[in-house]
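Geometric and topological summary
Here is how the chains run, residue by residue.
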Amino acid sequence: MTEVLRRYGPVLTGAILLAVALWLALLVVLPQLMMIGFSFRPSLPPSKLGGPEDVFTVRNYLTLWTNSIHLAIFLKTIWASALVTATTLAVCYPVAFYLAQVAPKRRLPLLILMLVVPFWINELLRTFSWYIILAFNGPLNAILLNLGIIDEPRRFLGGDGGVIVGMVYVYILFMVFPLYNAIESLDRNQIEAARDLGAGWLRIHRRIVLPHAKPGIAVGCIMTFMLAAGSYAVPALLGGPNSRWFTEIIYNWFFEGGNWNQGAAYAFILLVLCIGFILGAMRLFRVGAGGYREVSPPSMGRQT
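The structure displayed is predicted, hence computed values, not measured ones. (Residues numbered from 1 in each chain as written. Predicted model: local features only at pLDDT ≥ 70, side-chain atom pairs only at ≥ 80, totals over all residues. Heavy atoms only, no water.)

**Points about helix α3 (residues 68-102)**
Selection criterion: In DSSP terms, a helix is any run of H or I states spanning at least four residues, a strand is any run of E spanning at least two, and both are numbered starting from the N terminus. Here a helix's expected span is defined as the number of its residues, less one, multiplied by 1.5 Å. Working definition for bend: take the seven residues up to and ending at a residue and the seven starting at it, fit an axis to each, and measure the angle between the axes. Whenever two N or O atoms come within 3.5 Å, that pair is a polar contact, provided that in protein one can donate a hydrogen and the other can accept it, and provided that, for residues adjacent in sequence, both atoms are side-chain atoms.
With 35 residues, α3 extends 50 Å from end C-alpha to end C-alpha; this agrees with the ideal 51 Å at 1.5 Å per step. Taken as a whole, α3 carries its principal kink of about 30 degrees at C92; the proline P94 stands between one and four residues after it. Sitting at the head of α3, N67 places a side-chain oxygen 3.2 Å from the backbone nitrogen of I69.

Quick look at the structure:
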């Protein structure tokens, strides 16, 4: 704060802080408080608002546990989002390690540009591209048929598989860049020393690279899980009646069912779930609000 005051002066610093405070209050805090207020009130016609029936109740929250269909979709959204997060981590970790530790410095800007350019396109258009690829008469079926892997076209759309593939692609950058930033700061000499001591690549990654990349893994997993759990466009375009997402149920309550109170309760449940995942990931990877909590690294030893 002292450095900011010296750089911008007290007037400009105060204006910046005031703008940030107003932004958070009007666009984050106030909407959440309104959503919580809606969630604890029954859905009533305007004529009954403020009357004896307009009281605080937990009935909207109990609806999820008494509606077996909505509860099943909610639980499916949790494990599917976790699967999207794990798959994205498995796909992005080798890419991030190559960019951070293996790729020549002169080629790194071009590689990052090639990774980023496709994401200049709107998320809906990128999702539609996967709709075309996974279509019954799409390129994927055509390639598999020509290679003789399948005898007839398969339906990849309308199920959870297409939704998961689409989400992994759509949110891949939210995983790869935190991983890249964490692995880039790793001293290459540690890897070389481990190799000189006889450690294999799996042992090097397990004992050196992964512990060092824990902050990046935590950030990437948190962002990917929250985006996947709160996604609406991808499951709406690539899914079907048998692969509905919890966000689609919330959308239906707000814009089709007209029950904002029930939709607010479902939305708040999803928010609590995401907060719980954040806290769990921070505890699992030993990442605090101020950064990574260092622990004593285990001895490498000589591998025989």
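Following the structure, the description resumes.
**Brief notes about the nonpolar core**
In plain terms, the rule: We define the nonpolar core as a collection of buried residues of types Ala, Val, Leu, Ile, Met, Phe, Trp, Tyr and Cys that are connected through side-chain atoms lying within 4.5 Å of one another. Between buried and exposed lies partly exposed: a residue is buried under 20% and exposed over 50% of the maximum accessible area for its type, with that area taken using a 1.4 Å probe on protein chains only. Pairs of residues are marked as contacts when any of their non-hydrogen atoms sit within 4.5 Å.
In terms of nonpolar packing, the biggest core is built from 32 residues, with L179, I183 and V209 touching the most fellow members. Of all the secondary-structure elements, those providing two or more residues to this core are α3, α8 (173-184), α9 (188-196), α10 (201-212) and α11 (214-229). Ranked by residue count, the leading element in this core is α8, at seven residues. Beyond its immediate sequence surroundings of up to four residues, V209 is in contact with Y93, F97, I183, L186, I191 and I204. Core analysis: the next-biggest nonpolar cluster, separate from the first, contains 19 residues, Y61, I73, Y266 and I269 among them.

**Thoughts on the side chain of T63**
With respect to the element layout, T63 can be found in helix α2 (residues 59-66). Within the structure, T63 has its side chain in polar contact with the backbone oxygen of R59 (distance 3.0 Å). At 3.1 Å, the side chain of T63 and the side chain of Q262 are in polar contact. For T63, the residues in contact, after removing those within four places along its chain, are Q262 and Y266.

As far as function goes, none of this settles anything; it's purely spatial.
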